[in-house]
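Listed below are the residues making up each chain.
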Amino acid sequence: MGDPVTEYASRLKRQEREIKLLQDEIERLRDPQDLNLTSSQLDELREENSRLKYRLNILKRSLQEEMNHNGKTMLNINQLLQQIFGEAISSAYPDLENPPLSVTPSQQAKFGDYQCNSAMAMSQMMKAKGLKVSPREIAEKIVQNIPNNDLIEKTEIAGPGFINVHLKRNFVSKLLSNVLVNGVQPPPLQKKKKVIVDFSSPNIAKEMHVGHLRSTIIGDSMCRLFEFLGYEVLRLNHVGDWGTQFGMLIAHLQDKFPNYLSVSPPIGDLQAFYKESKKRFDEDEEFKKRAYKCVVKLQSKEADFIKAWNLICDVSRKEFQKVYNCLDISIKERGESYYQDMMTAVVKEFEEKGLVEVDEGRKIVFAPGQSIPLTIVKSDGGYTYDTSDLAAIRNRLFDEKADIIIYVTDSGQAMHFQVIFAAAQLIGWYDPKVTRVEHAGFGVVLGEDKKKFKTRSGDTVRLMDLLEEGLKRSMDKLKEKERDKVLTPEELEKAQRAVAFGCIKYADLSHNRINDYVFSFDKMLDDRGNTAAYLLYAFTRIRSIARLANIQEAALRKAAETTDVILDHEKEWKLGKCILRFPEILQKITDDLLLHTLCDYLYELATTFTEFYDSCYCVEKDRQTGEVVKVNMWRMLLCEATAAVMAKGFDILGINPVQRM
């Protein structure tokens, strides 16, 4: 087989020629009257015409995909196989509308590398139309119609109609060389879309707690995924920075620090400050009245009250930033206050379109299919979270022109967002077929007693306390392994932070976000099993192989360009295929936003690498002297490709690996 890029170019020309012929044929068939044909011949031609159109659409689609193909990017083998089998199925059964297409990696080597399992579902479809065709017969016809391609070595039909696919080793080897020469590059984007991810979203004047941990970690990882894939990403922090609670906070600030306008108040513990003001609000009627007046003056944008509000927000921001610095999170604050001036227009728009009902003085909106209405104006004339969230989604659709909007909050808010999205569709702000708007909900964090995660005194766990505890335990673990004796103080501190924060993030991301998960430092710091500790150690070991064999980076780079990656040993073959599944994994996560799939993949990659390393010598040493006598460079390249994909996987998860640990 020649160079893949050349092969693609020639195939592209062939398909362009075929498209031209098909278009000419379709044009010729448009006016059958000129052809002097009988009615039965006309029927045949019409049928042929519809087949040609269907085939033309498939060819156009595959042509578009290949035009977007860039030789430097990682190819998605599963997508290529789906394209090949899609063509085969449409050629074999052109009259079958929307036939099912199922291609998956094989679970066992004896069933080949991939499997096409479409025949069984197609048999059921045909049965429903009164046609009795066995799945095996369908599978045989599909195989007969597989177009010429560079991927498939051979196919076998197994059982009732599974098509086992064996890939060409030479093709896989070339794809691995591409990764080594060009790095781990994302698949080509057909269109650069704008993605907004709304995540973290703590409340001003309150500490960030363990509940904010999940939104922050999951949202950041989703942003990293879309950024790697080439999308334009806006990371938004919808902080709770507006509302009636600011009245009591400002009133308390005025009493406790009367000169706050000229001297910056030393509010050290904002949580305590909030509790003090809340206590006064609940117990002191006079204070409560003054607090309400403060709210009115704040909403009227009186300068002194805006300054007081800003002071309180700034104290919170500094506390939030400590958490974001630890977790390496970048995010743009755009809180509820940002949307205040947009809410009147939103209410007016709903009223003008006749979508508002009045209920006991409240203005409400019923969205189709939703049992709970949105309250867009309270009976006292004030706005609500519903109004604020409608203003936010409108701003993101029309001003930010987002193609994809993702809200990362706990699953308890699923119903709220369902109604917000339904109302936005009702008023015509977006069409879900065109714009993807999604709530990525997640379960709660549980303690080891399987109850909601709390401190011993029953309070919510402060996030900074949790992160500091992680640092302490991480250092204890490193010292237990006597890493402090071999690492420099600087390397030890880097390893401590990598393990502490990496383990906290990975423990969250490796669980299906929809489920609750048990927070356990002991489990997450265990270096056995599917944990960040295991993966980080595995990564540093892989990275150290070349270093310990005294192979310089320049030598590896040169080898990547000149050495074929041999995949003769079954463990080499298994590892090579596993490395190249990375784009498939990213595609799946982009579709379902379930990041645990990436964690499972990285764990599978690390364990597959261990199998390879235990069976295949990368470096051969003299048993007496320990000197390197032979370097199997193609295997060193497999080590490099594994490490490159792991490093990119870590980056998407927001985990910082270290060279020495």
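About the cut-offs
Residues numbered from 1 in each chain as written. Predicted model: local features only at pLDDT ≥ 70, side-chain atom pairs only at ≥ 80, totals over all residues. Heavy atoms only, no water. Helix = DSSP H or I, 4+ residues; strand = E, 2+ residues; numbered from the N terminus. Buried < 20%, exposed > 50% of the residue type's maximum accessible area, 1.4 Å probe, protein only. Areas by Shrake-Rupley, 256 points an atom, 1.4 Å probe, with all protein chains shown as cover. Expected span 1.5 Å × (residues − 1). Contact = heavy atoms within 4.5 Å. Lys, Arg positive; Asp, Glu negative; His and termini not counted. Salt bridge = Lys/Arg side-chain N within 4 Å of Asp/Glu carboxyl O. Polar contact = N/O pair within 3.5 Å; in protein donor to acceptor, adjacent residues only side chain to side chain. pLDDT = per-residue confidence, 0-100. Pairing = 2+ DSSP bridges. Axes fitted to C-alpha atoms, helices over the stretch in contact; angles between N-to-C directions.

Novice: Where do I start with the overall build of the chain in this structure?
Specialist: The secondary structure content of the chain amounts to 23 helices and 16 strands. The proportion of buried residues among the 661 residues of the chain is 49%. For the chain, the accessible area works out to roughly 32300 Å², and carbon and sulfur atoms hold 48% of it.

Novice: Even after reading the chapter, I still don't get helix α6 (residues 169-182), so can you show me in this structure?
Specialist: At 3.6 residues per turn, the α-helix brings residues three or four places apart onto the same side. When the terminal C-alpha atoms of α6 are compared, their 20 Å separation across 14 residues agrees well with the 20 Å that a helix rising 1.5 Å per residue should span. Every buried residue belonging to α6 is among F171, V172, S173, L175, L176, S177, N178 and V179, and all of these are buried. In this structure, the buried residues of α6 make contact with α3 (77-92), β4 (162-167), α20 (570-579) and α23 (633-653). Immediately beyond the C-terminal end of α6, within one or two residues, lies G183, with a positive phi of roughly 85°.

Novice: So what exactly am I meant to see when it comes to the side chain of R513 here?
Specialist: Counting through the fold element by element, R513 comes out in the loop between α16 (489-509) and β14 (517-518). The buried charged residue R513 lacks any salt bridge partner; its closest oppositely charged side chain belongs to E438, at an N-O distance of 4.9 Å. Within the structure, R513 has its side chain in polar contact with the backbone oxygen of D592 (distance 3.3 Å). Excluding residues that lie within four positions of it along the chain, R513 makes contacts with R214, I218, M222, A440, G441, F442, G443, D592, L593 and L594.

Novice: Just checking my understanding: could you explain the confidence of the model for the chain for this structure?
Specialist: Detailed conclusions should not be drawn from predicted coordinates in areas where pLDDT is low. Chain-level pLDDT for the chain is 90 on average; 90% of the residues reach the 70-or-more range. Confidence drops under pLDDT 50 across residues 1-6; counting only partners more than four residues distant or on other chains, this segment forms 10 contacts.

Novice: Help me understand the pattern of salt bridges in this model?
Specialist: Pairs may arise between side chains of opposite charge once their charged atoms sit close together. Inspection of the entire model under this criterion finds 44 salt bridges. A salt bridge links E352 to K348; its shortest N-O distance comes to 3.9 Å. Taken together, the positions of E352 and K348, both in helix α12 (residues 343-352) and 4 residues apart, correspond to about one turn of that helix. In this structure E352 comes out as exposed when scored by relative accessible area, which is 61%. Relative accessible area serves as the criterion here: at 49%, K348 is assigned to the partly exposed category.

Novice: Explain the sheet that holds strand β1 (residues 103-105) here, please?
Specialist: Sheet strands pair via backbone hydrogen bonds, and the direction of the pair is either parallel or antiparallel. If you trace the 4 strands from one edge of the open sheet to the other, you get β1-β2-β4-β3, paired in antiparallel fashion. Two strands in the sheet have a free side with no partner beyond their single neighbour: β1 and β3 (152-158). Going from strand to strand, the sheet's axes swing by 25° on average, the running direction of each strand aside. Taken together, the 3 bridges between strand β2 (residues 114-116) and β4 define a ladder with antiparallel strand orientation. Residue pairing across strands places C116 opposite I163, the latter belonging to β4.

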